[in-house]
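# Fold and contact review
Residues per chain are reported as follows:
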Amino acid sequence: MTHRDRVVAIVVATLAVLVAGWLLLVSPEREKASKLGTEVSAAQSALSAAEGELSSARTAQAQYVSAYASIVGLGKAVPAADEVPSLIYQLERASNSKNVEFTSIVSSAAGSGTGSSSAGSSATSAAAGAASSAGFSQMPFTFIFDGTYFDLEHLFEQLNRFTLRTASGSLQVSGRLLTIQSVKLTPVGTAAGSSGPVQLTGTITATAYVLPASQGLTAGASPSSPAGATATASARGSSAPATPAVVEVTP
Amino acid sequence: MRAVNLIPAEQRSGAPVGAGRSGGVAYAVLALLAGIAVLALVYGIAHHQVTSRTSQVASLQARASAEQASAAQLAPYTSFVAMRQARVTAVEQLVDSRFDWAHTLHEFARVLPRDASLSSVSGTIGSAAGTSPGASPSAGASSSATAGAGSSASVSSVTPPGSVPTFAVTGCASTQDAVAETIDRLRLINGVSSVALTNSTKPGSGVTSSTPGTGGCGANAPTFTLSVAFQPLPATSAAAAAATTRTVAAHSSSAAAAAGPSASAAAGPAAGALR
């Protein structure tokens, strides 16, 4: 073996040792480190998502009291049950305040309806309306009021004001949400001999709404915690609302 | 005599430079050692990264799991707030989709001429026009509006966007000119798309009128029947904007003032409506 051959052999052997070391030891470790880098990124993303989720959950927890009050307040506009007595009470109150006589309420779902309704029509109307939509159930009614033109106009405004949007865009609920579909104003009788405004009969077809039976008003929530969160809040000792939400609901 | 080269073999011309006595093996060993050192350094760095990243991943995953568990514990609160939002949105949509009947009646009274009066007003929305009171509202136009992510978000309004409010108005006027003026005035109401005359008949003219002829007009006063159609109900956002801006009154009062002096006083013509 010449000197030159010996040098070549030594160089080749050295390179072989280095390449083998790279391939067998260093490269797999670097690959592993690279994979772990990806895993770290993924874990960081997951952590960020979890942090966001937790943050929104804590925000929701902090908002619970107001949300409960809001949802109970909305129950005046869209109750969990048909609440026909409450509706009659509200209509009577509104018509009295506007000098209008509340003559009749007929549940349209109960049939063509000749008589005035009472609590007896409640179940029928709710059942018939329940099939009307996947969300709120519809309860169609026909109301008859007697009054002057302007008194009836003011009454319609009052009915709208039961549930309305304020100028700021927020909801203001003081009574049942009603959607009037038709209005018919006809004179009660001839105006001969009378000097005052003609009394009119206002026949209104309107729809009230009811929450789905599967939900209930608060979906099982209590003023202090939602359904399924009582054990959680006490176990965590977290910042669950210490003071229960108190909502005053008048019919 | 034999010549002897006294120059050391490694310094003679043509000999490998720097090979030394080892013939370059020493350099090769040094290079090998240097290479191994570099490999060891790179391996060490990679190994350190693996170790640190492994612990980092474990730490991050543990934190994420803990936070997810916390969030899951608070999930009922999240669901409840989402349900509240869905209901609010649904109610808002229903509120926004309503037609303002009171304002329309107010506008009728505002624009009506002094020498005309109404005997009956019948208004309906959508295809429910002409149905008798008490009919199911499902006969009218209906559409569902999806609102939010809540389960109660899907609400079907009985007066959905696109429904057309229409009024059948009967009344009487002192003259046929007054009937014409009534038609013109009704067109001034904001949102009215068309006012069509069905009939205007003087009593005793030989033509049977469907209107009762009440309203305090003279014995020879023509009775009329008009059909007033409004523009289709707008989408809920537009309706909300319309409800808040409420430029209707200003518009119609100024238009009525432009149309004639008798309409500018709101209470005056209004008192003639259905009187």
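Described in the following lines is the structure provided in the data block.

Cut-offs applied
- Residues numbered from 1 in each chain as written.
- Chains lettered and ligands numbered in written order.
- Predicted model: local features only at pLDDT ≥ 70, side-chain atom pairs only at ≥ 80, totals over all residues.
- Heavy atoms only, no water.
- Helix = DSSP H or I, 4+ residues; strand = E, 2+ residues; numbered from the N terminus.
- Contact = heavy atoms within 4.5 Å.
- Areas by Shrake-Rupley, 256 points an atom, 1.4 Å probe, with all protein chains shown as cover.
- Pairing = 2+ DSSP bridges.
- Axes fitted to C-alpha atoms, helices over the stretch in contact; angles between N-to-C directions.
- Buried area = accessible area lost by both parts, 1.4 Å probe.
- Salt bridge = Lys/Arg side-chain N within 4 Å of Asp/Glu carboxyl O.

Before going further, it helps to spend a moment on the overall build of chain A. Each helix and strand counted, chain A has six helices and six strands in total. Along chain A, from the amino end to the carboxyl end, the secondary structure elements read α-α-α-β-α-β-α-β-β-β-β-α. A separation threshold of at least 6 residues defines the contact pool for chain A, and within that pool the share at least 24 residues apart is 70%. A total of about 11,800 Å² of accessible surface is found on chain A, and carbon and sulfur atoms cover 57% of it.

Sheet architecture is open: eight strands sit in the order β1(A)-β2(A)-β6(A)-β5(A)-β1(B)-β4(B)-β6(B)-β5(B), paired in antiparallel fashion. Only two strands of the sheet have a single neighbouring strand rather than two, namely β1 (101–107) of chain A together with β5 (192–201) of chain B. Each strand of the sheet is rotated relative to its neighbour by a mean of 20 degrees, with strand direction disregarded. Bridging between strand β5 (residues 178–187) of chain A and strand β1 (residues 116–125) of chain B involves four bridges; their strand directions are antiparallel. In the strand pairing of β1 of chain B, Leu185 of chain A is matched with Val121 of chain B. On the sheet, helix α4 (residues 176–187) of chain B packs against β1, β4 (165–173), β5 and β6 (223–230) of chain B and is oriented at approximately 165 degrees with respect to β5 of chain B.

Right, let's get into the interface of chain B and chain A. Of the residues lining the interface, 80 residues belong to chain B; the matching set on chain A comes to 99 residues. Interface area lost by chain B to chain A is led by Tyr77, Arg87 and Arg98 of chain B, which between them contribute 11%. Our count for the chain B to chain A interface comes out at two salt bridges. Between Glu51 of chain A and Arg63 of chain B there is a salt bridge; the shortest N-O distance is 3.3 Å.

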